[in-house]
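# Results of the structural survey
These are the residues of each chain, in order.
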Amino acid sequence: FRAWTAEDGRPENTVVRLAQTSDGFLWVARQGGVVRFDGVHFEPFEAATTAGYISSTMRVLNLDRDGRVWIAKEGGIVCVDGTQVRSFTAKDGLPHFEGQRSMAEDGEGNLWISYTRGSVLRLDKSGQVKYFDSKDGLPAAGVCVFTSDRNGQLWFAKNGRIGVFRDGQFVTLLKLPPHFTCLAPARTGGIWICSGSEVMKFNEGSALFTLAELPAVKSPNEPTAMLEDREGAVWTGTAANGLFRCDTNGAASVEVSYAVISSLAEDREGNIWVGTRGGGLNRVQHRVVSLIGEAAGLPFEGVQSVC
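An account of the accompanying structure is given in this report. (Residues numbered from 1 in each chain as written. Predicted model: local features only at pLDDT ≥ 70, side-chain atom pairs only at ≥ 80, totals over all residues. Heavy atoms only, no water.)

To continue, consider the overall build of the protein. Helix and strand content of the protein: one helix and 28 strands. By the compact-globule yardstick of 19 Å for 307 residues, the protein fits well, its C-alpha radius of gyration being 20 Å. With respect to the three principal axes, the spread of C-alpha positions in the protein is 75 × 45 × 30 Å. Total accessible area on the protein is roughly 15,200 Å²; 47% of this is exposed by carbon and sulfur atoms. Each charge sign in the protein was given a centre, from 31 positive and 35 negative side chains, and these centres are 5 Å apart. (Helix = DSSP H or I, 4+ residues; strand = E, 2+ residues; numbered from the N terminus. Rg over C-alpha atoms; globule rule 2.2 N^0.38 Å. Areas by Shrake-Rupley, 256 points an atom, 1.4 Å probe, with all protein chains shown as cover. Lys, Arg positive; Asp, Glu negative; His and termini not counted. Charge placed at Lys NZ, Arg CZ, Asp CG, Glu CD.)

Here it is in structure tokens:
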């Protein structure tokens, strides 16, 4: 891995969310604003930072199917569409004093947003806001997490209930223990779920499949970010135990600069970008050369010949 920190010109060492747009830029939402990264330089995107004139504290970032970047910041939502920047605040019906937890776009182009105090709303294409709660099928307790599958179906996880939004209602399809939960779309359909330490795949009409179990390195696992890469491996970041790569062989710990992971993204070259809360921005690549020494079980460090 390689890490970019404040010493390398990054504005700060905390990364909130990541996304790569079609022009190749990696959008990096940090706590105090948004920057674009071309692999060498970090360029502040002040239009998103100042939009809405509420606060520059960033919480969530989402790239929609039309290439627009949606940024959730304290006090509102900002949409960046090319050179146009539009903001939504409490004047448009958003909550006044709640931090955003999760965002996802459904197949109809609506943006779904959940908040840390439990609010769930939909911001439709016309800019109209509609709230949803227990009368719409959501569990009353807990914080909601969203993702959309490859077909645009919206999935949710809340207080151990996992399901979809269908015909105006949230429909529970699966019940799990109420652990911290993270969701990600699966390339072959359905979703990936990390609940506590278990990494599982689920699709409606199919049995729940467990891919791997994350080791509890320092503390119980609290998943914070997930993605399936182009090779079918599932990457899972945690709140204290670092980053794991999961496949049919199990879960392997992947070294990064900091154990608190906030976000994951895969770029067009297959690199995995890792946002951390204290260790800056990391890029993880396939290892080309590895050293086999005493740490790997070799009984000596000096090698005179090989065959």
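Moving on from the coordinates now.
The next subject is the pattern of salt bridges. One pass over the structure, following the stated rule, counts 12 salt bridges. Arg-187 serves as the salt-bridge partner of Glu-266, at 3.4 Å between the closest nitrogen and oxygen. Of the two residues, Glu-266 sits in strand S26 (residues 261-266) while Arg-187 sits in the loop between strand S18 (181-185) and strand S19 (191-195), which places them 79 residues apart along the sequence. Given the relative accessible area of 44%, Arg-187 is considered partly exposed. Salt bridges here are not isolated pairs; linked through shared partners, they connect Asp-64, Asp-66 and Arg-68. (Salt bridge = Lys/Arg side-chain N within 4 Å of Asp/Glu carboxyl O. Buried < 20%, exposed > 50% of the residue type's maximum accessible area, 1.4 Å probe, protein only.)

Moving on to the sheet that holds strand S16 (residues 161-166). Reading across the sheet, the four strands line up as S14-S15-S16-S17 and stay open at both edges, with antiparallel pairing between neighbours. Sheet topology places strand S14 (145-148) and strand S17 (169-175) at the edges, where each strand pairs with a single neighbour. Neighbouring strand axes in the sheet, compared pairwise and without regard to direction, differ in orientation by 30° on average. Pairing between strand S15 (residues 154-158) and S16: four bridges, direction antiparallel. If you follow Ala-157 over to S16, its bridge partner there is Ile-162. (Pairing = 2+ DSSP bridges. Axes fitted to C-alpha atoms, helices over the stretch in contact; angles between N-to-C directions.)

By convention here, two paired aromatic rings are described through the distance between centres and the angle between planes. A complete count under the given rule lists 15 aromatic pairs for this structure. Between Trp-4 and Phe-37 the ring centres are 5.2 Å apart and the planes differ by 70°, which places this aromatic pair in the edge-to-face class. In this pair, Trp-4 sits in strand S1 (residues 2-4) while Phe-37 sits in strand S4 (residues 33-37), placing the two residues 33 residues apart along the sequence. Take Trp-4 and Phe-37: they sit in the same class, and that class is buried. Cluster of aromatic residues (ring-pair linked, three or more members): Trp-112, Phe-132, Phe-146, Phe-156, Phe-165 and Phe-170. Taking NZ or CZ as reference, Arg-36 lies 4.3 Å from the ring centre of Phe-25, over its face. (Phe/Tyr/Trp six-rings, centres within 6.5 Å; stacked < 30°, edge-to-face > 60°. Lys NZ or Arg CZ within 6 Å of the ring centre and 35° of its normal.)

This part is about the state of the cysteines. Note: disulfide means a covalent bond formed between the sulfur atoms of two cysteine side chains. With the rule as written, the count across this model stands at zero disulfides. Of all cysteine sulfurs in the structure, the one in Cys-182 sits closest to Cys-144, which takes part in no disulfide; the separation is 13 Å. Among the residues examined, Cys-144 registers a relative accessible area of 1% and is labelled buried. (Disulfide = S-S within 2.5 Å.)

Time to look at the pairing of strand S23 (residues 234-238). When you tally the buried positions in S23, you get five out of five residues, the bulk of the element. Side chains Val-234, Thr-236 and Thr-238 of S23 all project onto a buried face; the interleaved residues Trp-235 and Gly-237 project onto the opposite face, where all are buried too. As defined by bridge partners, strand S22 (residues 223-228) adjoins S23 across five bridges and the pair is classed as antiparallel. When the sheet's bridge partners are listed, Glu-228 is paired in S23 with Val-234. When S23 meets strand S24 (residues 243-247), the two strands line up antiparallel, connected through four bridges.

Strand order in this open sheet of four strands is S18-S19-S20-S21, and the pairing throughout is antiparallel. Of all the strands in the sheet, just S18 and strand S21 (209-213) have a single pairing partner and so form its edges. Strand-to-strand, the axes of this sheet are offset by a mean angle of 20°, without reference to chain direction. Sheet analysis places strand S20 (residues 198-202) next to S21, joined by four bridges and oriented antiparallel.

The residue Gln-20 is located in strand S2 (residues 15-20) in this model. Its relative accessible area of 18% is what places Gln-20 among the buried residues. Polar contacts involving the side chain of Gln-20 include one to the main-chain carbonyl oxygen of Gly-24, which spans 3.3 Å. Side-chain polar atoms of Gln-20 contact the backbone nitrogen of Arg-268, separated by 3.1 Å. Sequence-distant contacts of Gln-20, that is, excluding residues within four places in its chain, are made with Phe-25, Leu-26, Leu-63, Glu-266, Asp-267 and Arg-268. (Polar contact = N/O pair within 3.5 Å; in protein donor to acceptor, adjacent residues only side chain to side chain. Contact = heavy atoms within 4.5 Å.)

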